[in-house]
Amino acid sequence: MTSYFDELTVVLAKNIKKYRKQSGYNQISLGLKIGKGSDYIAQIERGFRTPTLRSLCDIAKVLGVEPYELLKFDE
């Protein structure tokens with residue numbers, strides 16, 4: 001059985017990837033833009049890591065979206 005947290009982690013990964021590609025960033029450049037290591041975004045997008053609230057806000061700012069948009073389920 002999948003928990004809500006697990007489902008939200010998948011949604012977050014998918015949305016970060018979608019907005020990252022729309023913004024023209026690769027995983028390494030986005031990670032470095034927010035002051036993280038080169039593999040940070042890759043780990044989030046694969047579901048191996050969840051960002052802190054601060055990192056989530058930093059990612060959203062760089063991608064030009066509101067933080068809640070990274071957590072939105074498809075409608």
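Refer to the structure above for everything that follows.
Residues numbered from 1 in each chain as written. Predicted model: local features only at pLDDT ≥ 70, side-chain atom pairs only at ≥ 80, totals over all residues. Heavy atoms only, no water.

### A look at the pattern of salt bridges
Inference 1: Scanning all chains against the criterion turns up two salt bridges.
Inference 2: In this structure, Asp74 and Lys14 form a salt bridge, with 2.3 Å as the shortest nitrogen-oxygen distance. A residue pair is termed long-range when its members are at least 10 positions apart, and Asp74 in the segment after helix H5 (67-70) and Lys14 in helix H1 (residues 4-23) qualify at 60 residues.
Inference 3: Residue Arg20 is joined to Glu45 by a salt bridge in which the shortest nitrogen-to-oxygen separation is 2.7 Å. One end of the pair, Arg20, is in helix H1; the other, Glu45, is in helix H3 (residues 40-45), and 25 residues separate them in sequence.
Inference 4: Judged by its relative accessible area of 6%, Arg20 is buried.
Inference 5: Looking at Glu45, the relative accessible area reads 14%, which means it is buried. (Salt bridge = Lys/Arg side-chain N within 4 Å of Asp/Glu carboxyl O. Helix = DSSP H or I, 4+ residues; strand = E, 2+ residues; numbered from the N terminus. Buried < 20%, exposed > 50% of the residue type's maximum accessible area, 1.4 Å probe, protein only.)

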